[in-house]
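Coordinates in review
The chain contents come next:
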Amino acid sequence: MGPRLKLFLPLFLFALLAILLFRGLFLDPSEMPSALIDRPLPAFDLPALGDDRLLTRADLTGEVALLNVWATWCVSCRVEHPYLKQLADTGIPIYGLNYKDSDAAAQQWLADLGNPYRLNIADREGTLGVDLGVYGAPETYLLDASGVVRYRHVGVVDEGVWRTVLEPLYLELKQGESTP
Amino acid sequence: MTVLRHLLLSVFLLLASHAQALIETYDFSSPELEARYQQLSEELRCPKCQNQNIADSNAPIAQDLRKLLHQQLEAGASDAEILDFMVARYGEFVRYRPSFGGTTLWLWLAPVLLLIAAIGVVAAALRSRSAANRESTALSAEEQARLQRLLDKTEQDT
């Protein structure tokens, strides 16, 4: 490196650091990949919300689906609820994991606001929540047809999240399912 | 009298708020388990409130993880088993002292590599500077002659 070019070295380093820090401004530290990505949904044996039927992993497999972790104490869940209903109306299978909630309150919620879920797992103690690595509702998991976790979204699912993040992955998995 | 009553009331209120702020306590079958509980709860990071360990955090998930930690310790799990359990669910992120290897390799090696690079840069700078110094102090024969002429000239002038 010539001595003239060497003079620019601090400028290069500064530019590099500036780019790095600028990028850091727009990173969301709470957006962590789930430890479960590409691993099967943990086995569970929990009652369904509303009846005492026991649900297991097998009840959630068979097609590409969303698993939505929600609770009546979770304010953001109320925000995303109307959009989940829209998604369910377009035929996207959504399963619910009612996380650390009272069954009565949860059923009241579904009666009042509508029910986008195919079925709901009543995880009263949060045991499946811990196995899934849930750290705060709402969280939404994308499951493939064999019940393997492919993606986790933390926070509200709205139209923006669905269109830019979840739908492309969903369609890709759907495609893989139909042409094995 | 009313002053005293007010004073007493405020003292009691202060005590009450303090009692509420305390986090739950667990009973351990041995002091050794309790010490391990303290150590592990300080080493495990709360996934929700990312700059606190689960011992300090009041988030519901931290409470759940403390409860789980207590259960597992009482069930006789080893430290490694408990940490593996947590990492399998919440990722390497939950450990304030991440394991060595895999994706955390860079985390461990980066400071050492940066230190070596910094020493290299400083050493190179020092070497080039001392080389430059040696060059500048030594006069060539031509410069020596010119200096001599200048000195002779000033002597003549005075």
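Predicted, not measured: the structure shown is a model, and the values here were computed from it. (Residues numbered from 1 in each chain as written. Chains lettered and ligands numbered in written order. Predicted model: local features only at pLDDT ≥ 70, side-chain atom pairs only at ≥ 80, totals over all residues.)

Considering the overall build of chain A
Using the following cut-off: Counting from the N terminus, the helices are DSSP H or I runs at least four residues long and the strands are E runs at least two residues long. Throughout, the radius of gyration refers to the C-alpha atoms, and the reference size of a globule is 2.2 Å times the residue count to the power 0.38. Counting other C-beta atoms within 10 Å of a residue's own tells you its class, since 20 or more makes it buried, 12 or fewer makes it exposed, and anything in between is partly exposed; those C-beta atoms are placed from the backbone. Placing a C-beta atom from the backbone of each residue, one calls two residues in contact when those atoms lie within 7 Å.
Per the secondary structure count, chain A includes six helices and seven strands. Start at the N end of chain A and walk to the C end: the helices and strands fall as α-α-β-β-β-α-β-α-β-α-β-β-α. The C-alpha atoms of chain A give a radius of gyration of 21 Å, which is well past the 16 Å a tight globule of 180 residues would have. In terms of overall dimensions, chain A has C-alpha extents of about 80 × 40 × 30 Å along its principal axes. Residues classed as buried in chain A amount to 31% of the 180 residues present. Sequence-distant contacts in chain A: of pairs separated by 6 or more residues, those separated by 24 or more amount to 74%.

Quick word on the confidence of the model for chain B
Residues and elements named next belong to chain B. Using the following cut-off: Each residue carries a pLDDT score, the predictor's confidence in it, ranging from 0 to 100.
Here chain B averages 84 in pLDDT, and 84% of its residues register 70 or above. Between the elements of chain B, mean pLDDT differs from a low of 61, seen in helix H1 (residues 2–21), to a high of 93, seen in helix H2 (residues 31–43). Reported confidences for the modelled complex are a pTM of 0.74 and an ipTM of 0.79.

Quick word on the nonpolar core
Stated formally: Throughout this description, the term nonpolar core refers to a group of buried Ala, Val, Leu, Ile, Met, Phe, Trp, Tyr and Cys residues whose C-beta atoms join them within 7 Å.
One finds Leu-67, Tyr-99 and Leu-143 of chain A to be the most contacted residues of the largest nonpolar core, which totals 40 residues. Within the residue set of this core, elements represented by two or more residues are strand S3 (65–70), strand S4 (94–99), strand S5 (120–123), helix H5 (127–132), strand S6 (139–143) and helix H6 (159–178) of chain A together with helix H3 (60–74) and helix H4 (79–90) of chain B.

Some remarks on the sheet that holds S6 of chain A
Residue and element names in this part refer to chain A. Which entries qualify depends on this criterion: Between any two strands, at least two bridges found by DSSP are needed for them to pair. Comment: axis = line fitted to C-alpha atoms, over the contacting stretch for helices; angle = value between 0 and 180 degrees taken between N-to-C directions.
Within the open sheet, the five strands sit side by side as S5-S4-S3-S6-S7. Their pairing is mixed. With one partner strand each, in any of the chains shown, S5 and strand S7 (149–154) form the two edges of the open sheet. Recorded for the sheet is a direction-independent mean angle of 20 degrees between the axes of neighbouring strands. Inspection of the sheet shows S3 paired to S6 by five bridges, in the antiparallel sense. Across the sheet, the residue bridging to Val-69 is Glu-139, located in S6.

Some remarks on unusual backbone geometry
Residues and elements named next belong to chain A. The residue after Ala-137, namely Pro-138, is reached through a cis peptide bond having omega -5 degrees. With phi around 65 degrees, Asp-38 is a residue other than glycine that occupies positive phi space. Residue placement: Asp-38 occurs in the loop between helix H2 (9–25) and strand S1 (45–47). Residue classification places Asp-38 among the exposed positions, given that 10 C-beta atoms sit within 10 Å. Phi at Lys-100 takes a positive value of approximately 45 degrees, unusual for a residue other than glycine. Mapped onto the secondary structure, Lys-100 falls in the loop between S4 and helix H4 (103–113). Looking at Lys-100, the number of C-beta atoms within 10 Å reads 19, which means it is partly exposed.

Points about H4 of chain B
Put simply, the rule reads: Multiplying 1.5 Å by the helix residue count minus one yields the expected span of that helix. Working definition: the arc comes from the directions between the helix axis and the C-beta atoms, pointing outward to the latter.
Across its twelve residues, H4 of chain B extends 16 Å between first and last C-alpha, which sits within 8% of the 16 Å expected from 1.5 Å per residue. Among all positions of H4 of chain B, only Met-86, Arg-89 and Tyr-90 of chain B are buried. Down the axis of H4 of chain B, the buried side of the element spans an arc of 80 degrees, and every buried residue falls inside it. Across H4 of chain B from its buried face, at more than 90 degrees, point the exposed residues Ala-80 and Glu-81 of chain B. Buried positions along H4 of chain B lie against H5 of chain A. Positioned one or two residues after H4 of chain B, Gly-91 of chain B has a phi angle of 85 degrees, which is positive.

Quick look at the environment of Tyr-117 of chain A
All names here are of chain A. Here Tyr-117 shows up in the loop between H4 and S5. For Tyr-117 and Tyr-151, which are 34 residues apart along the polypeptide, the C-alpha to C-alpha distance reads 19 Å. Contacts of Tyr-117, omitting those with residues within four sequence positions, involve Ile-94, Tyr-95 and Gly-96.

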